[in-house]
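Chain and residue survey
Given next are the chains, with one letter for each unit.
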Amino acid sequence: MAHIVTCTFCKKKFDRDRLPFVQLSTRKFAHRQCFLVEDEKQKKIEQDKTELENYILKLFNTDCIDGKIRKQIKQFIEDYHYSYSGIHKALIYHFEVKKGSIDKANNGIGIVPYVYQEAYRYYYTLWEAQQKNENKDVKDYVPTVKEIVIPIPQRKLRKRKLFTFLDEEVEHGQ
């Protein structure tokens, strides 16, 4: 007798007698591989959350994260679909790279939506540069010297047309 069940993670149907599976609850099953992948994702998310919280504790020089910051983090994740690592990198970008003032933060991280895209572009260009230069050795680089000679600016003298009333009389008189 075949026991056809649906994987909780990939939503595909499979026979639990033929494929390795994990039973999540009495009526929920998952492929073993899907479960392992999802488990790794959850561990990464928990690690990113811990790193973000540790950074916030260090940033505000406190020993606990207050409700205001927790609410802001929850809002950023639910409303803006930010990740914990994205919020963390946005805070690093604003406070360490751009030298933003912690005093203006008002014991919160409300600056994140305003700097998130800029921080994303910053880290993305760093990643692109790293990928581009990954196989290159600094010792092999020989800079090309280009000498540019800027000529001394010459002052252009305009000849001024002198105006006299005599020229008008000559024109009207003829």
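Within any chain, residue numbers begin from 1 and follow the written order of that chain's sequence. Note on the predicted model: pLDDT of at least 70 is required for a residue's local features to be given, and 80 or more for side-chain atom pairs to be given and counted; whole-chain, interface and lining totals, by contrast, use all residues. Side-chain measures here rest on the full set of heavy atoms in the structure, leaving out hydrogens and waters.

Focus: the environment of W127
- The residue W127 is located in helix 4 (residues 112-132) in this model.
- The spacing of W127 and I77 is 50 residues in sequence and 24 Å in space, taken between C-alpha atoms. Only DSSP runs of H or I reaching four residues or more are called helices, and only runs of E reaching two or more are called strands; each is numbered from the N terminus.

Describing the pattern of salt bridges
- Salt bridge, as used here: a side-chain nitrogen of Lys or Arg that lies within 4 Å of a carboxyl oxygen of Asp or Glu. In the structure shown here, the tally under the stated rule is 5 salt bridges.
- Salt-bridge contacts for D48 lead to K44; the nearest nitrogen and oxygen are separated by 3.0 Å. One end of the pair is D48 and the other is K44, both in helix 1 (residues 32-59) and 4 residues apart, which spans about a single turn.
- On the accessibility criterion, D48 (10% relative accessible area) is buried. The classification of residues rests on relative accessible area computed with a 1.4 Å probe and restricted to protein chains. Under 20% of the type maximum is buried, over 50% is exposed, and intermediate values are partly exposed.

Some points on the packing of aromatic side chains
- Here is the rule: rings of Phe, Tyr and Trp (six-membered ring for Trp) pair when centre to centre is within 6.5 Å. Planes less than 30 degrees apart are stacked, more than 60 are edge-to-face, and the remainder are tilted. Counting across every chain of the model gives 9 aromatic pairs.
- Relative to F29, the ring of F21 lies with its centre 5.6 Å away and its plane at 70°, an arrangement referred to as edge-to-face.
- Residue F21 is classed as partly exposed on the basis of its relative accessible area, which comes to 28%.
- Residue F29 is classed as buried on the basis of its relative accessible area, which comes to 6%.
- Aromatic ring contacts, followed pair by pair, group F76, Y80, Y82 and Y116 into a single cluster.

Remarks on the nonpolar core
- Definition used in this section: a nonpolar core is a set of buried Ala, Val, Leu, Ile, Met, Phe, Trp, Tyr and Cys residues joined via side-chain atoms within 4.5 Å. Grouped together as the largest cluster of nonpolar side chains are 22 residues, with contacts concentrated most on I56, I73, I87, L91, I109 and V112.
- For this core, the elements supplying multiple residues, two or more each, are helix 1, helix 2 (67-79), helix 3 (84-97) and helix 4.
- Among the elements that make up this core, the one with the highest residue count is helix 3 (6 residues).
- In this view, I73 contacts L52, I56, Y84, I87 and I109; residues no more than four positions away in its chain are not counted.
- Counting 6 residues, the second-largest nonpolar core is a separate cluster that includes V5, F14, A30 and C34. Any two residues whose heavy atoms approach within 4.5 Å at even a single point are treated as in contact.

Looking at the state of the cysteines
- For this text, the term disulfide refers to a pair of cysteine sulfurs within 2.5 Å. Going through the model one piece at a time under the given rule, you end up with 0 disulfides.
- No disulfide involves C7; its sulfur sits 3.6 Å from the nearest other cysteine sulfur, which is in C10.

As for the environment of A30
- Structurally, the position occupied by A30 is in strand 4 (residues 29-31).
- For A30, a relative accessible area of 0% corresponds to the buried category.
- The residues contacting A30, other than those within four sequence positions of it, are C7, T8, F9, F14, P20, F21, V22 and L24.

Looking at unusual backbone geometry
- Despite not being glycine, K11 has its phi angle at roughly 65°, a positive value.
- Along the chain, K11 falls in the loop between strand 1 (4-6) and strand 2 (13-15).
- With phi around 60°, H81 is a residue other than glycine that occupies positive phi space.
- Among the secondary structure elements, H81 is positioned in the loop between helix 2 and helix 3.
- The class of H81 is exposed, set by a relative accessible area of 66%.

A word on the packing of helix 3 against helix 4
- Each axis is a line fitted through C-alpha atoms, and for a helix only the stretch in contact is used; angles between axes span 0 to 180 degrees, taken between their N-to-C directions. Following both chains from N to C, one finds helix 3 and helix 4 inclined at 90°, their axes separated by 8 Å at the closest point. With respect to helix 4, the element helix 3 is oriented roughly perpendicular. Contacts between helix 3 and helix 4 pair G86, I87, K89, A90, L91, I92, Y93, H94 and V97 from the former with V112, V115, Y116, E118, A119, Y122 and Y123 from the latter.
- Residues are grouped as follows: Ala, Val, Leu, Ile, Met, Phe, Trp, Tyr, Cys and Pro are nonpolar; Asp, Glu, Lys and Arg are charged; all remaining types, including Gly, are polar. By residue class, the composition of the contact of helix 3 with helix 4 is 12 nonpolar, 2 polar and 2 charged. Orientation labels follow simple angle bins: below 35 degrees gives roughly parallel, above 145 gives roughly antiparallel, 65 to 115 gives roughly perpendicular, and whatever is left gives oblique.

So, to be careful, I would describe these as geometric facts and stop short of saying anything about function.
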